[in-house]
Amino acid sequence: MRPFVLSISAFLSLALLYLQIDSALTLSAQLGILFGKDAVGFDEIDWAYSRLPRLAMALLVGSVMGCIGSVIQQLTRNPLLSPVTLGTSSGAWLGLILLAVFWPQGQTEYQAIAAMLGSAFALGFVLLISGLRNLTGLSLILSGMAINLLFGAITTALILLNDQYARNLFIWGAGDLSQNGWEKVHWFWPHCLIALGILAFAGKPLTLLRLGQAAASARGLNVVLLFFILIMSGLWLLSTAITMVGIIGFIGLVAPNAARFLGARTASSELLVSTLLGAGILLSADGIALFANTMAFDIVPTGLTTALIGAPLLIFLIRQRVGATLHENAPVKLFQGANIFTYKTIILAVCAVLTVSILGIFTHIENHLYGFHWPTEFAWPLRWPRLIASLFSGAGMAVAGVILQRLIHNPLASPDLLGLSAGAILALITVSLFFGIRISELGPLVAFIGSMSTLGVLLILGKRFQFAPAALILTGVALTALIETLIQGVLMTGTDDVYDILRWLSGSTYRVTQSQAIILMIGVSVFILIAFGLQRWLTLLSISRITASARGVSVQKSFILLLIISAGLCALITALVGPIAFVSIVAPHLASLLGAQKVTSQLFLSMLLGATLLQFSDWLGQVIIYPNQLAAGTVVAIIGGSYFIVLLLKNRNTV
């Protein structure tokens, strides 16, 4: 009863405060409108047809997201799951983009269905990858992250190729609750009745499910039918909510954990308190967005303020309650390769690098005819910087991944999954926005500061759990989701820099100049040579810190220096080319599969594989949809995401 009373009190106070933000109306005038008085004048009409429906929408969407999050977490008994971590939000977003691109006339009537199909497809994919028996494990989160990254890369590619259709969808991506009347509320509220049905009837079967699937089945509960009904109901609610206001992250993840933190013990009470907390959190976030609008004289999306509240809250919950569960997770093993590393493997890897380099140099397309010859004097100055950029970016990201995985003893540690790339992006975009400098003109130092700051936060938070995979990954998810929301907020401004930023975010080598290519080549080479020079430290630290200390290695200094090398590689590449996803995790895994178990061999083979993978992606992006092009970062994210999914499928019984 106590959490329920607290939630109701907080909820009413927030609603009252919310209605007063930037309002010229007195309380008596507001009450008059609420009780049926006709609105007269701009202030009253604005309050009656903009603020009130916005309040209603915030309450409805927030409660729906809180309810969905609780249903998902209770069904799977996994406190780390939400529509975002399950990949269903990115699926819904992809469905909306596909509808906008391929059938723009259907946007007025079929957006909810498109979002529903996208989210259902994403969920089906995640369940196929993780398996129904692994609903409580880390594999479900990894699968959701892989789907998020893969669908995100596909969505980015579609937007860049069809910006004339997708431009108006940026506002959804940022999550905005602005209303121009009651039409959307009237459309949305009947769908929310499903949530009332869940609250009324789902408590008892979810209570039975807490006994375990076998025990619940023995008591007559059809577990599969319950899972299907509740998850499809949740997906429909999610799809309609995203259709109305865009992607609102964190609430589905934070509200159920906060409800348990406040003392909600039974299934029914958790559902109810999560629903109320979801409404309260979104109302608070939207109130902050409204206040920021008055200060910035510009639209501040609610999705941004939700992430600003949700990310720290999520990290707090990780440390306070979820941490114990995360710490108990078994180490992740994603690869089991050969134990023998031969020179034949090196020769094949070198041949692969040469082959993709030759393809990049000699492939020529003119009038839709593919030729193969030395580039002309006009093409060569444009072609060699791209070649250098892709080869050295791939090699550098691969080496950065090996260092992180060895140091943190976590095969999932990589700059993109742990948020180092996102930190560099945040620093670059922030400096660009505040000082009006184009991102391409900013130096790698800004990106380096962003990466190191993120790394510092991760190490501080992860030390408490001995860098347990789930804790680091979830923190990375929080940071990445926050930064993606910031980016969406920039994109919805509609300025001329929007597509410049979007193309940079796709990781394109197209705009790398000759001088930047040389800087990248020299910088990456220096970092890689230092990494090879410190291979003894990396070997001993990858065994254990005690072993390294016993062999005379200064553990703290060597650990920090190697981390700086990894973050420096990530920052340099991100600043000049853009974020490159998956290379830093796929290349080290492939190297291990090919038998490179020692540090030196893994560094060398990963470097070759990373260069091959990114150069092949760059070449493929240039030829596959000619005359249009796909950025190398987008293609490698699709290839790497697919590989990662296959890897999870093969190892789903061991993750």
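Above this text is the structure in question.
Below is a summary of the structure that appears in this document. Everything numeric in this text was worked out from a predicted model, so none of it was measured.

Reading the values: the criteria
- Residues numbered from 1 in each chain as written.
- Predicted model: local features only at pLDDT ≥ 70, side-chain atom pairs only at ≥ 80, totals over all residues.
- Heavy atoms only, no water.
- Helix = DSSP H or I, 4+ residues; strand = E, 2+ residues; numbered from the N terminus.
- Buried < 20%, exposed > 50% of the residue type's maximum accessible area, 1.4 Å probe, protein only.
- Contact = heavy atoms within 4.5 Å.
- Areas by Shrake-Rupley, 256 points an atom, 1.4 Å probe, with all protein chains shown as cover.
- Phe/Tyr/Trp six-rings, centres within 6.5 Å; stacked < 30°, edge-to-face > 60°.
- 1 Å grid on protein atoms, 1.4 Å probe; cavity = no way out; pocket = protein on both sides within 12 Å on 5 of 7 lines; lining within 4 Å.
- Points joined across faces, edges and corners; volume = space filled by probe spheres on them.
- Nonpolar A, V, L, I, M, F, W, Y, C, P; charged D, E, K, R; others polar.
- Pairing = 2+ DSSP bridges.
- Core = buried A, V, L, I, M, F, W, Y, C linked by side-chain atoms within 4.5 Å.
- Polar contact = N/O pair within 3.5 Å; in protein donor to acceptor, adjacent residues only side chain to side chain.
- Salt bridge = Lys/Arg side-chain N within 4 Å of Asp/Glu carboxyl O.
- Axes fitted to C-alpha atoms, helices over the stretch in contact; angles between N-to-C directions.
- Parallel < 35°, antiparallel > 145°, perpendicular 65-115°, else oblique.
- Patch = residues over 30% accessible without salt bridge, like charges linked within 9 Å, V, L, I, M, F, W, Y side chains within 5 Å.

Quick look at the overall build of the protein now. A count of helices and strands for the protein gives 29 helices and 2 strands. When each of the 655 residues of the protein is scored for burial, the buried share is 58%. Across the protein, contacts joining residues at least 24 apart in sequence account for 78% of those joining residues at least 6 apart. For the protein, the accessible surface area stands at approximately 27500 Å², while carbon and sulfur atoms represent 67% of it.

The next point concerns the packing of aromatic side chains. In total, this model carries 7 aromatic pairs according to the counting rule given. Both rings, one in F362 and one in W374, keep their centres 5.6 Å apart while their planes meet at 65°; by these two values the pair is edge-to-face. On the criterion of sequence distance, the pair formed by F362 in helix α17 (residues 343–362) and W374 in the loop between β2 (369–372) and α18 (380–408) is long-range, its members being 12 residues apart. You can call W374 partly exposed: its relative accessible area is 49%.

Summarising the element assignment, I560 is placed in helix α26 (residues 555–576). C-alpha separation for the pair I560 and L407, spaced 153 residues apart in sequence, amounts to 9.9 Å.

What follows covers the layout of surface pockets. Taken as a whole, the second largest pocket spans an internal volume of roughly 600 Å³. Looking at the second largest pocket, it is lined by 25 residues, and the ones nearest its centre are L382, R383, R386, Q622 and Q629. Within the residue set of the lining of the second largest pocket, elements represented by two or more residues are α17, β1 (363–366), α18 and α28 (599–623). No other element matches the 6 residues that α18 contributes to the lining of the second largest pocket. Across the lining of the second largest pocket, the residue classes tally to 13 nonpolar, 8 polar and 4 charged.

Strand direction decides the pairing type here: β1 and β2, joined by 4 bridges, are antiparallel. For E366, the partnering residue across the bridge sits in β2 and is L369.

Looking at soluble globular proteins, one finds that nonpolar side chains tend to be buried together. One finds L75, F188 and L407 to be the most contacted residues of the largest nonpolar core, which totals 162 residues. Ranked by residue count, the leading element in this core is helix α3 (residues 41–76), at 16 residues. In this structure L75 touches L206, L209, L226, F227, L230 and I231, once residues within four positions along its chain are discounted. Among the nonpolar cores identified, the runner-up in size contains 13 residues, and A422, V446, A447 and I483 belong to it.

Attention now goes to empty space enclosed by the protein. According to the stated counting rule, one finds 5 cavities of 30 Å³ or more in the structure shown. For the lining of the second largest cavity, the secondary structure elements donating two or more residues are α3 and α13 (223–245). Counting residues per element, the lining of the second largest cavity draws most heavily on α13, which supplies 5 residues. Of the residues assigned to the lining of the second largest cavity, the class counts are 8 nonpolar, 2 polar and no charged.

Now for the side chain of T155. Secondary-structure assignment places T155 in helix α6 (residues 138–161). Of the residues examined, T155 reaches a relative accessible area of 3% and is grouped as buried. A polar side-chain atom of T155 sits 2.7 Å from the main-chain carbonyl oxygen of F151. Residues in contact with T155, not counting those within four places in the same chain, are W93, L94 and I97.

Turning our attention to the pattern of salt bridges. Counted under the stated rule, the structure contains 5 salt bridges. For the salt bridge of D286 with R54, the shortest nitrogen-to-oxygen distance reads 2.7 Å. Residue D286 is located in helix α15 (residues 267–296), and its partner R54 is located in helix α3; the two are separated by 232 residues in the primary sequence. With relative accessibility at 6%, the residue R54 sits in the buried group. Of the charged contacts, one joins E270 and R210 as a salt bridge, the two residues approaching to 3.1 Å between their closest N and O atoms. Of this pair, E270 sits in helix α15 while R210 sits in the loop between α11 (203–209) and α12 (213–218), and the two are 60 residues apart along the sequence. In this structure R210 comes out as partly exposed when scored by relative accessible area, which is 34%.

Right, let's talk about the environment of A575 for a bit. Along the chain, A575 turns up in helix α26. The spacing of A575 and A424 is 151 residues in sequence and 7.5 Å in space, taken between C-alpha atoms.

Here we take up unusual backbone geometry. Despite not being glycine, D22 has its phi angle at roughly 50°, a positive value. Structurally, D22 can be placed in the loop between α1 (2–20) and α2 (27–34).

For the rest of this paragraph, the subject is the packing of helix α24 (residues 535–543) against α26. Closest axis-to-axis distance for the α24/α26 pair is 10 Å, and the angle between their directions is 110°. Compared by their axis directions, α24 and α26 come out roughly perpendicular. Between α24, through W537, L538 and L541, and α26, the contact on the second element is made entirely by V555, S558, F559, L561 and L562. Class assignment of the residues belonging to the contact of α24 with α26 gives a composition of 7 nonpolar, 1 polar and no charged.

Glancing now at a nonpolar patch on the surface. On the surface, a nonpolar cluster with roughly 630 Å² of combined accessible area is contributed by L98, F102, W103, Y110, I113 and L117. Taken together, the elements giving at least two residues each to the nonpolar patch come down to α4 (88–102) and α5 (107–130). Per element, the largest residue contribution to the nonpolar patch is 3 residues, and it comes from α5. As for its position among the elements, I113 is in helix α5.

On the secondary structure map, G456 appears in helix α20 (residues 444–463). Residue G456 is classed as partly exposed on the basis of its relative accessible area, which comes to 26%. Separated by 36 residues in the primary sequence, G456 and L420 have C-alpha atoms spaced 9.9 Å apart.

Bear in mind that shape data such as this cannot, by itself, settle questions of function.
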